[in-house]
Amino acid sequence: MLCRKIVCVGRNYHGHIAEMKSEDPMEPVLFLKPPSSLIGDGDSILLPRGIGRIDHEAELAVIIGNRGKNVPVEDALDCIAQVAVFNDVTARDLQATAKKKGLPWTISKGIDTFSPISDSCPVENVEDLQDLDIELRVNGVIRQRGSTSEMIFSVAELVAYISRWMKLEEGDIIATGTPEGVGPIQPGDLIEVVIPKVGRLANPVQSL
Ligand code: MG
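These notes cover the structure that comes with them. Every residue gets a number counted from 1 within its own chain, in the order that chain's sequence is written. Totals for whole chains, interfaces and linings use every residue, but because this is a predicted model, local features are given only for residues with pLDDT of at least 70 and side-chain atom pairs only at 80 or more, for both listing and counting. Side-chain numbers here rest on the full set of heavy atoms in the structure, without hydrogens or water.

## Here's the deal with helix α3 (residues 92-101)
Taken together, the buried positions of α3 are R92, Q95 and A98. End-on view of α3: buried residues confined to an arc of 125°, all on one side of the axis. Turned more than 90 degrees from where α3 packs its buried face, K100 and K101 sit exposed. Turning to α3, the residues buried within the fold contact α1 (14-19), β5 (54-56), β8 (90-91) and α4 (106-110). Buried means the residue's accessible area, taken with a 1.4 Å probe over protein chains only, is under 20% of the maximum for its type, while exposed means over 50%, and partly exposed covers the values in between. In this text, helices come from DSSP runs of H or I with a minimum length of four residues, and strands from runs of E with a minimum of two, each type numbered from the N-terminal end. What the arc measures is the spread of directions leading from the helix axis to the C-beta atoms. Residue contacts are counted whenever heavy atoms from the two residues lie within 4.5 Å of one another.

Below, the structure written as structure tokens:
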């Protein structure tokens, strides 16, 4: 399936909002990552030198199967074909500098290899998208552990909201936000993300 866009959701878990010292959003915070940043399970996350801290962000991703525009919340889950495990890798220092200047944080999120995604599985395999555990390990040590039950905006609400502004097309990926525990990654690390019933993702980290 060709991916034309990756729509990401920021600030969708209270724990992560607190650790970033951000404020709870009144409506979903959206940004885009370029499809050119996608890599698969087993591929290396390549860290450019000299850009400071780079963080992992474990997330549930949903992949659109049926086009949608102005989709009502009650029909929103019908747009989803597949689910996958996603790591919204972020150049945190570049993002902080951009935020401070009131500038877009595009570069911090869009660098090549900064969007690892697992093999996807049919959404029908998942009983309840709002009852999934998310776990991320760095070199075998648990760094993030959360549940999609803690989302501020549910997957259905996100799909409906996004479709008000951007038509959703087959193959589009929505990354639904990260729970608390984001932290830095270093060359030589192995980053593993698991969402039971959805998939698993393991990516080594290398410097460029
Ligand atoms: Mg994120």
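We are not done yet, so read on.
## Some words on the nonpolar core
The biggest cluster of nonpolar side chains holds 47 residues, and the ones touching the most others in it are I45, L60, V83, L129 and I174. Mapped by element, the contributors of at least two residues to this core are β1 (6-10), β4 (45-47), β6 (58-64), β7 (80-87), β11 (133-138), α5 (155-165), β15 (190-195) and β16 (199-207). Not counting chain neighbours up to four residues away, the residues in contact with I174 comprise V7, V9, L60, A61, V62, I64, V159, I162 and L168. Here, nonpolar core means buried Ala, Val, Leu, Ile, Met, Phe, Trp, Tyr and Cys residues that are tied together by side-chain atoms lying within 4.5 Å of each other. With 13 residues, the next largest nonpolar core counts C3, C8, A98 and A175 among its residues.

## Observations concerning α5
Buried residues dominate α5, accounting for eight of its 11 residues. Along α5, the residues classified as buried are V155, A156, L158, V159, A160, Y161, I162 and S163. The elements touched by buried residues of α5 are β1, β2 (29-33), β6, α2 (73-76), β7 and β13 (173-175).

## Quick look at the sheet that holds β15
The strand order across the open sheet formed by five strands is β4-β16-β15-β11-β12, and the pairing between neighbours is mixed. Looking at strand neighbours, the two that pair on one side only are β4 and β12 (141-147), the edges of this open sheet. The sheet shows a mean angle of 20° between the axes of neighbouring strands, taken without regard to direction. Alignment of β11 against β15, held across four bridges, turns out to be antiparallel. Counted as the bridge partner of L136 is V193 from β15. By definition, two strands form a pair when at least two bridges between them are found by DSSP. In this description, a line fitted to the C-alpha atoms serves as the axis of each element, helices being fitted only across the stretch in contact, and the angle between N-to-C directions of two axes falls anywhere from 0 to 180 degrees.

## Observations regarding the coordination of the magnesium ion
Surrounding the magnesium ion are the protein donor atoms E57 (OE), E59 (OE) and D88 (OD), which sit 2.0 to 2.1 Å from the metal. Sequence spacing of the donor residues for the magnesium ion, all on one chain, is E-x1-E-x28-D. Take E57: its relative accessible area is 3%, and that puts it in the buried class. Coordinating donors are taken to be N, O and S atoms lying within 2.8 Å of the metal, or within 3.2 Å when the metal is Na, K or Ca; because water is excluded from the atom set, some sites may appear incomplete.

## A closer look at the sheet that holds strand β14 (residues 183-184)
Sheet strands pair via backbone hydrogen bonds, and the direction of the pair is either parallel or antiparallel. With respect to topology, three strands assemble into an open sheet ordered β8-β5-β14, the strand pairing being antiparallel. Two strands close off the open sheet at either side, each with one partner strand: β8 and β14. Sheet analysis places β5 next to β14, joined by two bridges and oriented antiparallel. Looking across to β14, one finds that D55 is bridged to P184.

## Some points on the environment of E74
Positionally, E74 belongs in helix α2. Distance in space between the C-alpha atoms of E74 and E157 is 8.7 Å, their sequence separation being 83 residues.

## Remarks on the state of the cysteines
The disulfide criterion used throughout: a pair of cysteine sulfur atoms within 2.5 Å. Taken as a whole, this structure holds zero disulfides when the rule is applied. Of all cysteine sulfurs in the structure, the one in C3 sits closest to C8, which takes part in no disulfide; the separation is 9.9 Å. Overall, the relative accessible area of 0% leaves C8 in the buried class. As a non-bridged cysteine, C121 has C3 as the owner of its nearest cysteine sulfur, 17 Å distant.

## Here's the deal with the environment of L38
The residue L38 is located in strand β3 (residues 38-39) in this model. Leave out the neighbours within four places in its chain, and L38 touches C3, I6, F86, S115, I117 and I173.

All quantities given are derived from atomic positions and should not be read as evidence of function.
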